[in-house]
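Residue-level listing of the chains:
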Amino acid sequence: NHDYEGFYVCYQPQFRGADYTLDGVEALMRFRADGVEYPPALFIPIMEQMGLIHDAGLWILKQALAQVTIWREKLPELYLNVNFSLGQFANPDIIETVIKIYKESGLPPHVLTLEFTETVEMEDVDKIAIATKTWKAAGIDVALDDFGTGYSNLAMLKEIACSEIKIERTFVSNIKDGTYSYLLTSSIVNFAHQNDIAVCCEGVETEKDVLTLSPLKPDLYQGYAFDKPLKVEEFEEAYIDST
Ligand code: C2E
Ligand code: CA
């Protein structure tokens, strides 16, 4: 697990709604300089603006695929999610490059899901739709991230043909029975399931959140109630060394 000019990767575990067992990990970029940690919310937009997200995006993809390949020797069903920035489409070869990197990893089809932040621009929807179609044929899945923020449009899901929705943590954290957030989450799960789309509840912070959400039957949970983003050694200590 090598640093790339101060960049490294953390992995946040995701758990199955059915039995709370480990399902996969989301790779999250980290940046450290002179002993100071900078949050991605700060440096990702800067990298996007400076056109640096392309190289960084491919770097984290390769790094995470290699890591998950190693972990799958002990956890054969482990899945991987990697965030994909719309800025990466600035490179005209990106769709094929991602497929090439995935093939080179040697992982079987449908281990990797790329997460897109929900978007309002129709132009972006078109781009994601084309990419999704091509990637799907190559065994790479797509998830819509931060779902419920922005101007969510359920019809858009059909265009994009994503296989997973991640419900934004503002709806999920501290969720209460019968509230607007609860009914919204319930509707999203029902709609998604009727369309063969899996739902991940993000930012599940407490056991109470899990208890409130469980009747809605989301497929996956991710959040501090289960675990935080972990460094490679931390993940191995918790999920590999102990098995
Ligand atoms: P995201 O994709 O929505 O990632 C989930 C964020 O929620 C992570 O923040 C994670 O640490 C945080 N989180 C997880 N569980 C909880 C919880 O229970 N409560 C709360 N309050 N937060 C929780 P992080 O790592 O700071 O990343 C922030 C954002 O930066 C990500 O949001 C993603 O949009 C972006 N990002 C991170 N890594 C990458 C990357 O490699 N590429 C791209 N394009 N974007 C990235
Ligand atoms: Ca994400």
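Check the entry above for the structure.
Residues numbered from 1 in each chain as written. Chains lettered and ligands numbered in written order. Predicted model: local features only at pLDDT ≥ 70, side-chain atom pairs only at ≥ 80, totals over all residues. Heavy atoms only, no water.

Novice: Requested: an account of the coordination of the calcium ion (ligand 2), with residues and values cited.
Specialist: Binding of the calcium ion (ligand 2) to the protein goes through Glu26 (OE), Asn83 (OD1), Glu115 (OE) and Asp145 (OD), at separations of 2.1 to 2.4 Å. Of note, the calcium ion (ligand 2) draws all its donor residues from one chain, in the sequence arrangement E-x56-N-x31-E-x29-D. Here Asn83 is found in strand β4 (residues 79-83), whereas its partner Asp145 is found in strand β6 (residues 141-147), with 62 residues between them in sequence. In this structure Asn83 comes out as partly exposed when scored by relative accessible area, which is 29%. (Donors = N, O, S within 2.8 Å, 3.2 Å for Na, K, Ca; no water. Helix = DSSP H or I, 4+ residues; strand = E, 2+ residues; numbered from the N terminus. Buried < 20%, exposed > 50% of the residue type's maximum accessible area, 1.4 Å probe, protein only.)

Novice: Give a detailed account of the pairing of β6, specifying residues and quantitative values.
Specialist: Counting buried positions over the 7 residues of β6 gives 7, a clear majority of the element. Bridge analysis of strand β5 (residues 112-117) against β6 gives 5 bridges, and the strand direction is parallel. Bridge pairing in β6 places Leu114 opposite Val142. Where β6 meets strand β7 (residues 164-167), 3 bridges bridge the pair, whose relative direction is parallel. Among the inter-strand pairings, Ala143 is bridged to a residue of β7, identified as Glu164. (Pairing = 2+ DSSP bridges.)

Novice: Tell me what's going on with the site of ligand 1, and back it up with residues and numbers.
Specialist: The environment of ligand 1 is formed by 20 residues, the closest being Arg30, Asp145, Arg169, Glu205 and Tyr224. Interatomic distance of 3.1 Å between a side-chain N/O atom of Asn83 and an oxygen atom of ligand 1. A distance of 2.8 Å separates an oxygen atom of ligand 1 from a polar atom in the backbone of Tyr224. Among the secondary structure elements, those contributing two or more residues to the shell around ligand 1 are β2 (22-33), α1 (40-49) and β6. If you tally residues by element for the shell around ligand 1, the top one is β2, at 4 residues. Here the shell around ligand 1 is built from residues that sort into 8 nonpolar, 5 polar and 7 charged. (Near = heavy atom within 4 Å. Polar contact = N/O pair within 3.5 Å; in protein donor to acceptor, adjacent residues only side chain to side chain. Nonpolar A, V, L, I, M, F, W, Y, C, P; charged D, E, K, R; others polar.)

Novice: Residues and numbers for the packing of aromatic side chains, please.
Specialist: Taken as a whole and assessed by the stated rule, the structure comprises 17 aromatic pairs. Between Phe15 and Tyr239 the ring centres are 6.2 Å apart and the planes differ by 50°, which places this aromatic pair in the tilted class. Separated by 224 residues along the polypeptide, Phe15 in strand β1 (residues 7-16) and Tyr239 in helix α9 (residues 232-239) bring together distant segments of the chain. Judged by relative accessible area, which is 14%, Tyr239 ranks as buried. For the pair Phe84 and Phe116, a centre-to-centre distance of 5.1 Å together with 45° between the ring planes defines the contact as tilted. Here Phe84 is found in the loop between β4 and α3 (94-105), whereas its partner Phe116 is found in strand β5, with 32 residues between them in sequence. (Phe/Tyr/Trp six-rings, centres within 6.5 Å; stacked < 30°, edge-to-face > 60°.)

Novice: I'd love a proper account of α3, names of residues and values included.
Specialist: Here α3 spans 17 Å end to end across 12 residues, near enough to the 16 Å set by a 1.5 Å rise per residue. Taken residue by residue, α3 has Ile94, Ile95, Val98, Ile99, Ile101, Tyr102 and Ser105 as its buried positions. In a view along the axis of α3, the buried residues occupy a sector of 165°, so they form one face of it. Opposite its buried face, α3 presents the exposed residues Lys100, Lys103 and Glu104, each directed more than 90 degrees away. Looking at the buried positions of α3, the neighbouring elements they touch are α2 (53-71), β5 and α4 (122-137). (Expected span 1.5 Å × (residues − 1). Arc of directions from axis to C-beta. Contact = heavy atoms within 4.5 Å.)

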